[in-house]
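Structural overview
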Amino acid sequence: QVQLVESGGGLVQAGGSLRLSCVASGTIFGNNIMGWYRQAPGKERELVATISVKGTIHYGDSVKGRFSISRDNLRNTVALQMNSLTPEDTAVYFCNFHWLTVDYWGQGTQVTVAS
């Protein structure tokens, strides 16, 4: 089993920055992909960014150029640097660990961007 714990969420003014972090513990499998997804009230959960063990990265269109994902394979952590935040970024951000057909999710951390 994999447990994921997110941190770093909070309240920030528009134009500001936040850095989210997620730590994975338990049985860590190779060839995994870790990433971040977000869900705003009344909306579907959407991709923010993912990164593989080898460093292959995918970003959602809405965050390209503003967010940056990174991971530390030795510490089993993934981070999301969020810059130039807007109220549209307000959502619960979930850490994800994907391996083969299995997905593990953190409990989520709230990010609120004030106008």
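In this report, we go over the structure that sits alongside the text. What you see is a predicted model; the values in this text were computed from it and never measured.

Cut-off values and rules
Residues numbered from 1 in each chain as written. Predicted model: local features only at pLDDT ≥ 70, side-chain atom pairs only at ≥ 80, totals over all residues. Heavy atoms only, no water. Disulfide = S-S within 2.5 Å. Helix = DSSP H or I, 4+ residues; strand = E, 2+ residues; numbered from the N terminus. Buried < 20%, exposed > 50% of the residue type's maximum accessible area, 1.4 Å probe, protein only. Pairing = 2+ DSSP bridges. Axes fitted to C-alpha atoms, helices over the stretch in contact; angles between N-to-C directions. Core = buried A, V, L, I, M, F, W, Y, C linked by side-chain atoms within 4.5 Å. Contact = heavy atoms within 4.5 Å. Polar contact = N/O pair within 3.5 Å; in protein donor to acceptor, adjacent residues only side chain to side chain.

Turning our attention to the state of the cysteines. For the coordinates displayed, the defined rule picks out one disulfide. Residue pairing for C22: its cysteine sulfur links by disulfide to C95, the two sulfurs lying 2.0 Å apart. Every disulfide takes its handedness from the sign of the S-S torsion; for C22 and C95 that torsion is -85°, giving left-handed. Residue C22 is located in strand 3 (residues 18–26), and its partner C95 is located in strand 9 (residues 91–99); the two are separated by 73 residues in the primary sequence. By relative accessible area, C22 is classed as buried at 0%.

Here the focus is the sheet that holds strand 3. Across the sheet, which stays open at both edges, the four strands sit in the order 1-3-8-7 with antiparallel pairing between neighbours. The strands lining the two open edges of the sheet, one partner per strand, are strand 1 (2–7) and strand 7 (67–72). Taking the axes of each pair of neighbouring strands and ignoring which way they run, one obtains an average angle of 15° across the sheet. Relative to strand 8 (residues 77–82), strand 3 is paired through six bridges, and the arrangement is antiparallel. Opposite L18, over in strand 8, you have M82 as the bridge partner.

For the rest of this paragraph, the subject is the environment of S7. With respect to the element layout, S7 can be found in strand 1. We classify S7 as partly exposed; its relative accessible area is 40%. Considering only alpha carbons, one finds S7 and R19, 12 residues apart in sequence, at a separation of 8.6 Å.

Even without being glycine, N31 reaches a positive phi, approximately 55°. Take N31: it is sitting in the loop between strand 3 and strand 4 (33–39). On the accessibility criterion, N31 (73% relative accessible area) is exposed. Its identity as a non-glycine residue notwithstanding, N76 has a phi of 55°, on the positive side.

Moving on, we come to the nonpolar core. If you look at the biggest cluster of nonpolar residues, it comprises 27 residues, and the most contacted ones within it are L4, W36, L80, M82 and Y93. When contributions to this core are tallied by element, the ones reaching two or more residues are strand 1, strand 3, strand 4, strand 5 (46–52), strand 7, strand 8, strand 9 and strand 11 (109–114). Among all residues touching L80, those that are not within four sequence positions of it are L18, R19, L20, W36, V48, A49, F67, S68, I69 and Y93.

Our focus in this paragraph is the environment of H98. Mapped onto the elements of the fold, H98 is located in strand 9. By relative accessible area, which is 26% here, H98 ends up partly exposed. Taking C-alpha positions, H98 is 11 Å from V53, a pair spaced 45 residues apart along the chain. Once residues within four sequence positions are removed from consideration, H98 is found in contact with N31, N32, I33 and D103. One polar contact links the side chain of H98 to the main-chain carbonyl oxygen of L100, over a distance of 2.9 Å.

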